[in-house]
Amino acid sequence: MDLDDGDAAPGLRCQVCGGDAYRPYTHDEAGDFVRCRDCGLIVRHPCSVSTSSEPPAPAQEGYYDMYQGRRAHKVWDDGRRLQAFLHYLEMPHARQVDHLDIGCGLGSMVEAGATRLGLNSRGVDLPGHAVECCRGRGFDVAEGSLTATGAADGSFDLVTVINVLEHIPRTDDGLREIHRVLRPGGILGAIVPSGAYLKAHLLRQSYRNYHGKRATFHMTYHNRATISRLLIGNGFEPLSYPLLIRARLDGMCSALAETLVCVPRLIARDVLFITRMERELLVIARRL
Ligand SMILES: [Zn+2]
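So, how was this worked out
- Residues numbered from 1 in each chain as written.
- Predicted model: local features only at pLDDT ≥ 70, side-chain atom pairs only at ≥ 80, totals over all residues.
- Heavy atoms only, no water.
- Salt bridge = Lys/Arg side-chain N within 4 Å of Asp/Glu carboxyl O.
- Helix = DSSP H or I, 4+ residues; strand = E, 2+ residues; numbered from the N terminus.
- Buried < 20%, exposed > 50% of the residue type's maximum accessible area, 1.4 Å probe, protein only.
- Core = buried A, V, L, I, M, F, W, Y, C linked by side-chain atoms within 4.5 Å.
- Donors = N, O, S within 2.8 Å, 3.2 Å for Na, K, Ca; no water.
- Axes fitted to C-alpha atoms, helices over the stretch in contact; angles between N-to-C directions.
- Left-handed = near helix turned anticlockwise from the far one by under 90°.
- Contact = heavy atoms within 4.5 Å.
- Nonpolar A, V, L, I, M, F, W, Y, C, P; charged D, E, K, R; others polar.

Asks: Is there a simple way to think about the pattern of salt bridges in this case?
Replies: Should their charged atoms come close, side chains of opposite charge can pair. Scanning the entire structure with this criterion turns up 14 salt bridges. The salt bridge partner of Arg183 is Asp157, with a shortest N-O separation of 3.0 Å. Here Arg183 is found in strand E8 (residues 182-193), whereas its partner Asp157 is found in strand E7 (residues 156-162), with 26 residues between them in sequence. In this structure, the salt-bridge partner of Asp173 is Arg176, at a minimum N-O distance of 2.5 Å. Residue Asp173 and its partner Arg176 are both found in helix H5 (residues 171-181); the two are separated by 3 residues, about one turn of the helix. Assessed through its relative accessible area of 45%, Arg176 is described here as partly exposed. Each member of the salt-bridge network shares a partner with another, and the members are Asp77, Asp78, Arg80 and Arg81.

Asks: I'm lost on the nonpolar core in this one. Help?
Replies: A general trend in soluble globular proteins is that nonpolar side chains are found buried together. Core analysis: the largest hydrophobic core is formed by 35 residues, its most contacted members being Val159, Val161, Ile178 and Leu188. Breaking this core down by element, the ones donating at least two residues are strand E2 (33-36), strand E4 (98-102), E7, H5, E8, helix H8 (224-233) and strand E11 (280-287). Counting residues per element, this core draws most heavily on E8, at 4 residues. Judged by nonpolar contacts, the second largest core, of 18 residues, contains Leu82, Leu89, Leu158 and Leu282.

Asks: I would appreciate a short explanation of the coordination of the zinc ion in the present structure.
Replies: Each donor-metal-donor angle in an ideal tetrahedron of four donors is 109.5 degrees, and each such angle in an ideal octahedron of six donors is either 90 or 180 degrees. Coordination of the zinc ion by the protein is provided by Cys14 (SG), Cys17 (SG), Cys36 (SG) and Cys39 (SG), with metal-donor distances spanning 2.3 Å. If you list the donors of the zinc ion from N- to C-terminus, the spacing comes out as C-x2-C-x18-C-x2-C. Of the two residues, Cys14 is situated in the segment before strand E1 (22-26) and Cys36 in strand E2; the sequence distance between them amounts to 22 residues. A single burial state applies to Cys14 and to Cys36, both of which are buried.

Asks: How do you make sense of the packing of helix H2 (residues 71-89) against helix H3 (residues 108-116) when you look at a structure like this?
Replies: To describe two helices that pack against each other, one gives the angle between their axes and the distance between the axes. With their axes 8 Å apart at the nearest point, H2 and H3 run at an angle of 65° to one another. The two elements H2 and H3 cross, and the hand of that crossing is right-handed. When H2 is examined against H3, the residues Arg71, Lys74, Val75, Trp76, Asp78, Gly79 and Leu82 are found in contact with a partner set consisting of Ser108, Met109, Glu111, Ala112, Gly113 and Arg116. In terms of residue class, the contact of H2 with H3 is made up of 5 nonpolar, 3 polar and 5 charged.

What follows is the structure, given as structure tokens:
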């Protein structure tokens with residue numbers, strides 16, 4: 001890839017900073033990516049991107065094969081994430097929490113919320129195999145998308161969006177919908193692949209995020225600054241990451257354990273951020 005000074009995407013205006021200058025970033029048959037010179041947001045080249053804000057349709061049987069085999073682990077992992085997000089809600093009883101998982105896939109987050117934590121968990125995903133599979137397991141899952149969930153205004157305390165925001169061309173379209181369905185004070189918990197991950201940056205001509213299936217379905221790669229800026233611009237208050245790690249330990253350890261375990265982990269996280277070793281961004285924000 002030739003990182004020259006030429007504009008790789010004439011006429012394209014950055015959804016984060018409003019800049020209009022892009023450098024070429026990666027090239028692949030599945031799609032090219034370009035990088036905003038001002039803020040570092042990485043986006044699919046407009047010629048490769050659908051003009052619609054709707055995500056493409058990965059929600060067919062084959063897309064989820066890779067997840068089916070490790071379902072038990074995913075349910076456990078999603079339960080751990082939910083417990084951390086719940087810490088920010090400050091609601092005394094889990095059964096009072098209305099939770100929506102957008103892009104729920106095969107329903108591991110809904111299962112973790114409903115069966116492990118006792119939340120009122122619902123899911124939403126594109127029509128197709130995933131929704132049918134969830135319903136077959138008895139979960140409350142509706143057909144919809146990240147930009148059109150079909151949910152009523154202000155109907156949820158917690159919205160989770162795990163590895164979904166990168167599937168739409170304009171992240172703010174998704175954030176506006178999440179803001180609409182959350183109650184004031186509600187929490188957004190999201191995970192997105194990091195556009196600042198050093199390994200992905202150095203090996204981008206061969207790294208998986210920019211090739212094949214992921215290059216087909218992924219449209220944006222944010223860094224911490226770009227996602228925070230969009231959150232603030234769309235009515236959210238980004239919350240500090242370290243609180244999450246403390247939350248994971250709540251109720252299961254003493255102050256001594258927190259000192260022994262938490263501090264090194266906080267330091268490790270800072271090191272990962274500074275050295276650009278964060279593969280994914282954990283995003284937590286409060287709806288204002
Ligand atoms: Zn920009």
